[in-house]
Amino acid sequence: MDDKKQPIVIKKVVKAHGHHGGAWKVAYADFVTAMMAFFLLMWLLGSTTPQQRAGMSKFFNNPSAIQGPGGASTSMIKLGGTKDMVTGPKQEASIGGSPQQTAKQLSKQAEQLDRERLQTLEVKLKEAIDKSQALKPFKDQLLIDITPEGLRIQIVDKENRPMFDLGSAALKPYARKILEHIGVFLNQVPNHISITGHTDAHRYLNKNLSNWELSTERANAARRALVGGGMKADKVARIVGLGDTVLFDKTHPLAAVNRRISIIVLNKQAEEAMARGDRYATGKNGVPVLKQPTTKPVAPTSGQAPPAPAAAAKH
């Protein structure tokens, strides 16, 4: 009877939750990689110059145009009459990377930096005048503005407060003090300066001299006062005496305001033009404007004296 008994088999079903697979790990790895690339890009943008970023942009726009150690080709593979790529200057122009354009961009950036530097100096000067006990009483005689040549600082006469002795280039004590204070500020920028002397329309009493000599001597006296205040002597690029040809108040030629000293902190364009020997013309409100010579000077023939320079160019 025991041999005929059937064995009892007990089946147990264990219910377990299966895993979701490894797809999420791949997605997470992609996300981490993308974030790392994003932060790397942000770091590159913050640590490179505009010129370097422009170079990287050109490479990714047209990698074949960048010549590296491997000697990348600038032509397409010829397959049955395929047209060659444009090479040389035309190709550079098409990708916006010609040396001329790069130089132009750098020049614009330098001009912008120079403009910001002069604007900062203008703000500092005006603040110093307001705060200085020595300069504040003469605030109405100090005119500061931006001109095509650079930052202009004008010191003008008042009816009862002249800068110089009558008919002389001797500075009054207060005028010397103003110029010495200004000289300290001019050292804060690397730009050179131009100093111009102006007179009113009164005739000079000495028949052997004129307003040309007087205005030039006064401009040179202002230079000495600036250097005496601490300004570097080699910052002066030009000293000009214009006499009474550029009046501040044209309706009143004899007005005291026409007697003035004009100091211009030259911008980059004006310095380069001066180095080339470009001429200047009088523009709006008597502001000198850069002017290219229209004709080349003619060399004098043998036995002929060279032409005399214009009176305005007298130094």
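Details of the structure are given in the entry above.
Residues numbered from 1 in each chain as written. Predicted model: local features only at pLDDT ≥ 70, side-chain atom pairs only at ≥ 80, totals over all residues. Heavy atoms only, no water.

## Details of the side chain of Asn258
You can see Asn258 is positioned in the loop between strand 4 (236-241) and strand 5 (260-266). Residue classification places Asn258 among the buried residues on the basis of a relative accessible area of 0%. Here the side chain of Asn258 touches Phe248 through a polar contact of 2.8 Å, landing on its backbone nitrogen. The residues touching Asn258, leaving out its near neighbours within four places in the chain, are His198, Thr199, Asp200, Leu247, Phe248, Asp249, His252 and Pro253. (Helix = DSSP H or I, 4+ residues; strand = E, 2+ residues; numbered from the N terminus. Buried < 20%, exposed > 50% of the residue type's maximum accessible area, 1.4 Å probe, protein only. Polar contact = N/O pair within 3.5 Å; in protein donor to acceptor, adjacent residues only side chain to side chain. Contact = heavy atoms within 4.5 Å.)

## What to know about a nonpolar patch on the surface
Side chains of Trp24, Tyr28, Phe31, Val32, Met35, Phe38, Phe39, Leu41, Met42 and Leu45 sit close together on the surface and give an oily, nonpolar patch of about 1,000 Å² of accessible area. By secondary structure assignment, the location of Trp24 is in helix 1 (residues 23-47). Take Trp24: its relative accessible area is 55%, and that puts it in the exposed class. (Patch = residues over 30% accessible without salt bridge, like charges linked within 9 Å, V, L, I, M, F, W, Y side chains within 5 Å. Areas by Shrake-Rupley, 256 points an atom, 1.4 Å probe, with all protein chains shown as cover. Salt bridge = Lys/Arg side-chain N within 4 Å of Asp/Glu carboxyl O.)

## Overview of the pattern of salt bridges
It is possible for side chains of opposite charge to pair when their charged atoms get near one another. Within this structure, the stated rule accounts for 12 salt bridges. Among the ionic pairs, Asp140 bridges to Lys158, the shortest N-O distance being 2.8 Å. In this pair, Asp140 is assigned in the loop between helix 4 (99-131) and strand 1 (142-147) and Lys158 in the loop between strand 2 (150-156) and helix 5 (173-186), connecting sequence segments 18 residues apart. A residue is classified by how much of its surface remains accessible, and Asp140, at 44% relative accessible area, is partly exposed. What makes Lys158 partly exposed here is its relative accessible area of 33%. Residues Glu149 and Arg238 are paired through a salt bridge, measuring 3.2 Å at the closest nitrogen-oxygen approach.

## Section: the pairing of strand 3 (residues 193-198)
Burial of strand 3 is extensive: six of the six residues sit out of reach of the surface. Covered by surrounding structure in strand 3 are Ile193, Ile195 and Gly197 together with Ser194, Thr196 and His198, the residues of both alternating faces. As paired strands, strand 3 and strand 4 are joined by five bridges and run parallel to one another. Bridge assignment links Ile195 to a residue of strand 4, and that residue is Ile239. (Pairing = 2+ DSSP bridges.)

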